[in-house]
Amino acid sequence: MRLLVGGLALALLLPALPAQAVDQVVTDPAAYVDPLVGSARDGTTWPGAVRPFGMISWSPTSTRGDQTSTGAANGYQYDVTRVRGFSLTHLSGAGCNPGAAGDIPIMPYVGTVDTSPTADTKDAKYASDFSHTDEIAKPGRYTVKLANGVESDLAVTTRAGVGDFSFPQDGQPNLLFRTSNSLNGSQDAEITIDAANRKVTGSVLTGAFCGRRANGGTNNRKTYYRLYFTASFDQPVVATGTWKDDTITPGGTQTTGGEGYATGADRAGKGSGGYVSFTPGAKVKMRIGISYVSPQGAEENLAAEVRPDATVNRIANDGYKTWKNELQNIRITGGSDAQRSTFYTALYHVLLQPNVFNDVDGKYLGSDQQIHELAPGQQAQYGTFSGWDQYRAHIQLLALLKPEIAGDFAQSMYQFSQQNKGIWDRWLHNNGPTHVMTGDPAAPTLATFAAMGVTNFDAEGAYDSLVHQATVQNADAENDGGCPGQCTGQRPALNTYLAKHYAPQDACHCWGGAAETLENSLADFSLAQWGSRLGKDTQDLADRGTWWKNTYDPEVGYQRARKADGTWQPGFTPSTDVGFAQGSSATYTWMVPQDVSGLGAVMGGDAVTRLDGFFHDAAGNWAVKGGSALRYDPTNEPGLHTPWLYNGLGVAWKTQATTREIVDTVYGTGPSGLPGNDDLGTLSAWYVFAAIGLFPQTPGRAELLVGSPLFPKVELRRSNKVRLTIEAPQTSDANQYVDALALNGKPRTESWLPESFITGGGRINVQMGATPTSWGTAPIDH
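Residues numbered from 1 in each chain as written. Predicted model: local features only at pLDDT ≥ 70, side-chain atom pairs only at ≥ 80, totals over all residues. Heavy atoms only, no water.

1. So, the overall build of the protein
Here is step 1: Counting its regular elements, the protein contains 19 helices and 35 strands.
Here is step 2: Along the first, second and third principal axes, the C-alpha set of the protein runs to 75 × 60 × 55 Å.
Here is step 3: Residue burial in the protein is summarised as follows: out of 782 residues, 65% are buried.
Here is step 4: Contacts spanning at least 24 positions in sequence make up 71% of the contacts within the protein whose residues lie at least 6 apart.
Here is step 5: Just so you have it, the protein exposes about 24800 Å², and 49% of that area is on carbon and sulfur atoms.
Here is step 6: Of the side-chain charges in the protein, 60 are positive and 76 negative, and the distance between the mean point of each set is 3 Å. (Helix = DSSP H or I, 4+ residues; strand = E, 2+ residues; numbered from the N terminus. Buried < 20%, exposed > 50% of the residue type's maximum accessible area, 1.4 Å probe, protein only. Contact = heavy atoms within 4.5 Å. Areas by Shrake-Rupley, 256 points an atom, 1.4 Å probe, with all protein chains shown as cover. Lys, Arg positive; Asp, Glu negative; His and termini not counted. Charge placed at Lys NZ, Arg CZ, Asp CG, Glu CD.)

What follows is the structure, encoded as structure tokens:
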């Protein structure tokens, strides 16, 4: 029944797409974007107003009847149709519930505010239902009419926004500022109301990314940023009030108070906020700016980006044009309306992160809680890095499309590490080190940037810093705080790892010893590749890139947790997650993209047959939608590269068949269009690459593996003026296989494209056919 409802919703929510012949280039890609994609099926996206890489993202915070929680991770899920406000900050696709942010929910409320909204712990009074038929989400704009009669129309710039709140003729109009009610709670909050000047200012002191998760949740219930806001109105404020905990103060103009980071009864009824009232039937325009630096920063951001006479229409139209221009950096020809919508919505989700974190004057909040300024030549400081997820697909697409932003992002991460005792955290939320996941993802991320031609960051300083962390154990390396999910150390138990050449399951101070070994091997391989570009001696790092072999058990043919005494963890089955992080041995065994031929060798020549079994059930049917620990899981990152491993094993046609099957059956349109947590655009980035017919061979390198192009023509414009063109005029549902390929007019038999294709540009012409061919020899591994 749920699937049927979702299907009906899909039909209703597809955007009105422009009429266009299937052989024509898409001229308005923004028209194909549906921000509601991923809002069901645990995609954990949200539909609100946002600009590319924007600091502000104005979107609903939903409720299931618990004010200390939300309807879903990151504030929105399609099946929850009750909201308690429109919050100013969001993460896209983070997997825990609630993820983070959701700061300063602003709720349009009709009626007398005669009790404390914080005391409304079940969101029974100061919340409202809505219908999806009254909801419109477009790039840069979000509009919804609530059941309480208020229509909210929101549009944003990078750091500011403007909203129209149209109240009904009957009842008292109010805007409630729930300053303390961030998704994970808050340490403190403040609000000041200046009725005479039609203005509200305040802030929330918060953090606690994934603070409720079972793995290390208590360890991560901590503060690492304060978000300031300033809001002004074009209508007179006729009444004010504040509240703290269960006490309401009509006429109040100032209050403070946080909620803490607990859940349920331990937090219910705590917190503070304020409200402003207007005349019945008012249509209120509110301008709002935010800053992570200071109240003055919020004022300056607002003044710079949203003029006093700005309208929602004007800001929304400008935002739409901005999105159109960004999305046009990949121009596709052909395809169905549904395929175009899936493609451009995926690209839209990719371009939401990382987030601009500095004010218009160049100041930003560092990981040390101090205010810093941009480095010379740096255009922006970017926050938020879902490293374990993003380094497998997202960061490559970012570097491909926007190398100058990738460089500023690399510099941002380096600066955050310098402010954090030299430690590069695995998961930054804004400026805050959260320690989430495993491995050392900053290393392959920056190494990949360097390989793909990103130059605008301190490469020498960043490389030396990452190598230092990979070779000199830091003070937190043997700290079990937050383990297993949020272990503190960047390279946990490094001295033990260096001595044994693997991470022991019983002495690794990490999430899982086998996973940590695989992640570190890939990170060290990436550093070796980068170091070679810089003229460094990288032999030791290159050797460490082969240590994945030390947790491969040839007796069972799988990666396996290993103890400090050298014995294997007992009780092994291929479906086990002991020794692994958010995945099974069956998935992680393939996590060796840097040495595919080496993996094939230790498997004794049986790799292709085993890989076939990873994507098919016992009867030979496709099994690529997840649900089995023994087979491919499209909803999580450790196995995202596996469909492309066939190229390295000399049977490229199987990559073509497998990726096309996933593109056609796992991804789609509507709220259920993503298979799982988008993880800051990572699953979306995988789709963009697969639809183009190319995929990064391995982190730390710039070669691209060739798959099955979905569109007859794709033109990709890097922001550094490099142009890439992929032509596959015969491609279709029937013609999925590569018969031949030419690079810049010359036939090419390798199933991969060289680094020069990315750095210098070029054109590939792909001949497609209906049957598998022998095209595509095994690519080199490094």
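2. Describing the sheet that holds strand β29 (residues 704-706)
The strands making up a sheet are joined through hydrogen bonds of the backbone, oriented either antiparallel or parallel.
Here is step 1: Read from one edge to the other, the open sheet built from three strands follows the order β28-β29-β34, with strand pairing classed as antiparallel. Only two strands of the sheet have a single neighbouring strand rather than two, namely β28 (694-696) and β34 (752-753).
Here is step 2: Where β28 and β29 come together, three bridges link them in antiparallel fashion. Note on β29: the bridge partner recorded for Leu694 is Val706. (Pairing = 2+ DSSP bridges.)

3. Thoughts on the state of the cysteines
Here is step 1: All told, the structure shown has two disulfides when counted by the stated rule.
Here is step 2: The disulfide partner of Cys483 is Cys487, and the S-S distance across this bridge is 2.2 Å. The disulfide joining Cys483 to Cys487 has a torsion of about 140° about its S-S bond and is therefore right-handed.
Here is step 3: Residue Cys483 is classed as partly exposed on the basis of its relative accessible area of 24%.
Here is step 4: For Cys487, a relative accessible area of 2% translates into the label buried.
Here is step 5: Here Cys508 engages in a disulfide with Cys510; their sulfurs sit 2.1 Å apart. Between Cys508 and Cys510, the S-S torsion sits near -90°, and that sign places the bridge as left-handed. Of the two residues, Cys508 and Cys510, both sit in the buried class. (Disulfide = S-S within 2.5 Å.)

4. Thoughts on the environment of Trp511
Here is step 1: Note that Trp511 resides in the loop between α10 (494-500) and α11 (513-533).
Here is step 2: Sequence separation between Trp511 and Ala231 is 280 residues; the distance between their C-alpha atoms is 43 Å.

5. Some points on the confidence of the model for the protein
Note: predicted coordinates in regions of low pLDDT should not be interpreted at a detailed level.
Here is step 1: On average, residues of the protein score 94 in pLDDT, and 96% of them are at 70 or above.
Here is step 2: The low-confidence segment residues 1-21, where pLDDT is below 50, has 30 contacts with residues more than four positions distant or belonging to other chains. (pLDDT = per-residue confidence, 0-100.)

6. Side note on the packing of helix α6 (residues 394-401) against helix α18 (residues 682-692)
Each pair of packed helices can be described by the angle between their axes along with the distance between the axes.
Here is step 1: Between α6 and α18, whose axes approach to 8 Å, the crossing angle comes to 60°. The angle between α6 and α18 falls in the class oblique. Viewed along their axes, α6 and α18 form a crossing whose handedness is left-handed. Within the contact between the two elements, α6 uses His394, Gln396, Leu397 and Leu400 and α18 uses Thr682, Ala685, Val688 and Phe689.
Here is step 2: Each residue belonging to the contact of α6 with α18 can be placed in one class, and the counts come to five nonpolar, three polar and no charged. (Axes fitted to C-alpha atoms, helices over the stretch in contact; angles between N-to-C directions. Parallel < 35°, antiparallel > 145°, perpendicular 65-115°, else oblique. Left-handed = near helix turned anticlockwise from the far one by under 90°. Nonpolar A, V, L, I, M, F, W, Y, C, P; charged D, E, K, R; others polar.)

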